[in-house]
There are 2 protein chains.
Amino acid sequence: MDFKEKELPTQELWVEENFKGISKQSYRIKETLFSGKSEFQTVDVVDSIGHGKILLNDGLMMLSERDEFIYHDMISHLPLYTHPNPKNVLVIGGGDGGTAREVLRHPGVDVCTMVEIDEMVVEACRKHIPQTSEVFKHPKFKLVIDDAVKFVAQTQEKFDVILVDSTDPIGPAQPLFGPEFYQNVYNCLTDDGIVVSQGESPFYQAETQKSLLKVLGQFFSVLGLYNFSNLTYPGGLWSFTFASKKYHPVRDFQNERYEKDSLTFNYYNKGLHKACFSLPEFMNRNLGPFFKGL
Amino acid sequence: MDFKEKELPTQELWVEENFKGISKQSYRIKETLFSGKSEFQTVDVVDSIGHGKILLNDGLMMLSERDEFIYHDMISHLPLYTHPNPKNVLVIGGGDGGTAREVLRHPGVDVCTMVEIDEMVVEACRKHIPQTSEVFKHPKFKLVIDDAVKFVAQTQEKFDVILVDSTDPIGPAQPLFGPEFYQNVYNCLTDDGIVVSQGESPFYQAETQKSLLKVLGQFFSVLGLYNFSNLTYPGGLWSFTFASKKYHPVRDFQNERYEKDSLTFNYYNKGLHKACFSLPEFMNRNLGPFFKGL
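Criteria and thresholds
- Residues numbered from 1 in each chain as written.
- Chains lettered and ligands numbered in written order.
- Predicted model: local features only at pLDDT ≥ 70, side-chain atom pairs only at ≥ 80, totals over all residues.
- Heavy atoms only, no water.
- Phe/Tyr/Trp six-rings, centres within 6.5 Å; stacked < 30°, edge-to-face > 60°.
- Buried < 20%, exposed > 50% of the residue type's maximum accessible area, 1.4 Å probe, protein only.
- Lys NZ or Arg CZ within 6 Å of the ring centre and 35° of its normal.
- Disulfide = S-S within 2.5 Å.
- Pairing = 2+ DSSP bridges.
- Helix = DSSP H or I, 4+ residues; strand = E, 2+ residues; numbered from the N terminus.
- Axes fitted to C-alpha atoms, helices over the stretch in contact; angles between N-to-C directions.
- Contact = heavy atoms within 4.5 Å.
- Arc of directions from axis to C-beta.
- 1 Å grid on protein atoms, 1.4 Å probe; cavity = no way out; pocket = protein on both sides within 12 Å on 5 of 7 lines; lining within 4 Å.
- Points joined across faces, edges and corners; volume = space filled by probe spheres on them.
- Nonpolar A, V, L, I, M, F, W, Y, C, P; charged D, E, K, R; others polar.

Draft legend 1. Quick peek at the packing of aromatic side chains. Going through the model one piece at a time under the given rule, you end up with 44 aromatic pairs over all chains. Between F265 of chain B and Y268 of chain B the ring centres are 5.1 Å apart and the planes differ by 85°, which places this aromatic pair in the edge-to-face class. Taken as a pair, F265 of chain B and Y268 of chain B share a single burial class, namely buried. An aromatic cluster is built from Y71, Y226, F228, Y233, W238, F240, F242 and F277 of chain A, whose rings are joined through pairwise contacts. Here the guanidinium or amino end of K24 of chain A rests over the ring plane of W14 of chain B, the centre of that ring lying 4.1 Å away.

What follows is the structure in structure tokens.
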């Protein structure tokens, strides 16, 4: 996490995210490294001053090199240290590679398949953000460029853990918040499978959170939501949903494997594995009624 | 995707906080309600679209009506439900009144004294932000307009809990981060007293956090730091230090009184009282060596 400031350009350049017309976050940048428009969205990679390289889809911050470890730690290690023996892992979206990178740090995982709809994201990251895309060369990594909605409807594979690393429910990611998709996710999970999904902002998107929990509640017997603190998402606080056919995220924590692996983390750890399920009271009131088996 | 050079809003009005020249947060506003320059700092109150009224000192966000409950819950209820019988509470800074408001929801507290250096903050909030300043009328509330550094050096009173609700260590708040001030804070605490202090951003101000912990460690036998997620501070994640002569913040949680009081909170609760001490791994590595008795 060493971001040394080089000589600044004389003209100040900023990349700006306008959030619902009521707030904006801006990051000072040195230059634009990539700017394209795919079939699905605009894709930009910029080099910032103070936050490393930044990926934006449709003008929304997807990741910065400075804080991507937080999101990627929390989407992956929590379910992988809940499931007792995750071998076959599916990442949906996550075209930058950061989620797959963390999945493949677990020595017991045999294959991590990433299904990304937008090849432009993959290629832009491959070229400009090796910090996350280095995983594309990993021998256990399998890339599928496809619509994940179609993929989960058609695959004959069974996965132990599925990670839905999606953007907001607008544009290409919209179906990833609906019941048809999650019926198929349920079907291609093993009998003790777990799915963790990007769960939006507790401050600004409580309605989307409720709606996603309602959908998941139609299929899964264990259902909850956990928080993490991102640096570059609007409002900082962000969440993942946790839905499982069998395992409880806290009671089934795999302490022995966690200690044996002894991985080095920057955000996730044993304490946070449990603590992240302690939610602020406004969230308990709003979302608590949708939780199951926690 | 907009890559804007520095430009001023034309029709829309925004208030903007520039953070160290590398990031900015902006909030859309309807109008400026108050704008003044005191002996110590500039003081502005604006009415926003989406975040209620906002107080800024020297252009830095102090609070928004939308999220002030988070900071004020977490600075006050955590120490007040750790100390078994807090009667006399001192708030240093906190001129908006929000911290004192939460302190005085505890039925056992006899007096809450607030020592604020800048009368302009108090008067601006009294007039424009009743949501926090309503407490100024409370019969157990005592206002002292004075330099807290002088106050803690001179007072003969003893306090059970002291809450240092300060701005960043620049301008008037700078001495509130030093050893002379904390020697006096220690002296005017009872033998089982607790002090909680605004602990800055884990992402951006780790050095200030270390330096504050080092200072506190000279005096207190129990020392730690806990996190909360603010909406309107840069990076979201923020912290308080916890320093105590006797009580452990988790082991001495006052469950019985907590249940009996049955206060309604929007952020704080029993689960978070403990969970907020579970820190991300990068913080454990940086700050863990400074903790005591946790």
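There is more to say, and it comes next.
Draft legend 2. Summary view of the state of the cysteines. Residue and element names in this part refer to chain A. For the structure shown, the criterion picks out zero disulfides over all chains. Left without a disulfide partner, C188 is nearest to the cysteine sulfur of C112, which lies 14 Å away. With relative accessibility at 3%, the residue C188 sits in the buried group.

Draft legend 3. Structural context of the sheet that holds strand β8 (residues 111-116) of chain B. All names here are of chain B. Taken together, seven strands build an open sheet; the order of strands is β9-β8-β7-β10-β11-β13-β12 and the sheet is mixed. Lying at the two open borders of the sheet, with one neighbouring strand each, are β9 (141-145) and β12 (222-229). Going across the sheet, the axis of each strand differs from the next one's by a mean of 20°, ignoring polarity. Relative to strand β13 (residues 237-244), strand β11 (residues 189-198) runs antiparallel, the two being bridged by five bridges. Bridge pairing in β13 places S197 opposite T241. Taken strand by strand, helix α3 (residues 119-128) contacts β8 and β9, and its axis lies near 135° from that of β9.

Draft legend 4. Quick look at helix α6 (residues 179-187) of chain A. Residues and elements named next belong to chain A. Within α6 the residues assigned to the buried category are F181, Y182, N184 and V185. Buried residues of α6, viewed axially, fall in a sector of 160°; they line one side. Looking at the buried positions of α6, the neighbouring elements they touch are β6 (88-93), α5 (148-154), β9 (159-165), β10 (189-198) and α7 (206-217).

Draft legend 5. Broad picture of empty space enclosed by the protein. Tallying each qualifying case throughout the model produces four cavities of 30 Å³ or more. Estimates place the volume of the largest cavity at around 290 Å³. Together, 20 residues line the largest cavity, and N227, S229, Y267 and L272 of chain A together with S229 of chain B are the ones closest to its centre. Elements with a contribution of two residues or more to the lining of the largest cavity: β11 (222-229) and α9 (270-275) of chain A together with β12 and α9 (270-275) of chain B. Grouping the constituent residues of the lining of the largest cavity by class yields 14 nonpolar, six polar and no charged. Forming the walls of the second largest cavity are 21 residues, and the residues nearest its centre are Q25 and G235 of chain A together with Q25, Y233 and G235 of chain B. Contributions of two or more residues to the lining of the second largest cavity are made by β2 (23-37) of chain A together with β3 (23-37) of chain B. With five residues, β3 of chain B is the largest single contributor of residues to the lining of the second largest cavity. Of the residues that constitute the lining of the second largest cavity, the class distribution is ten nonpolar, nine polar and two charged.

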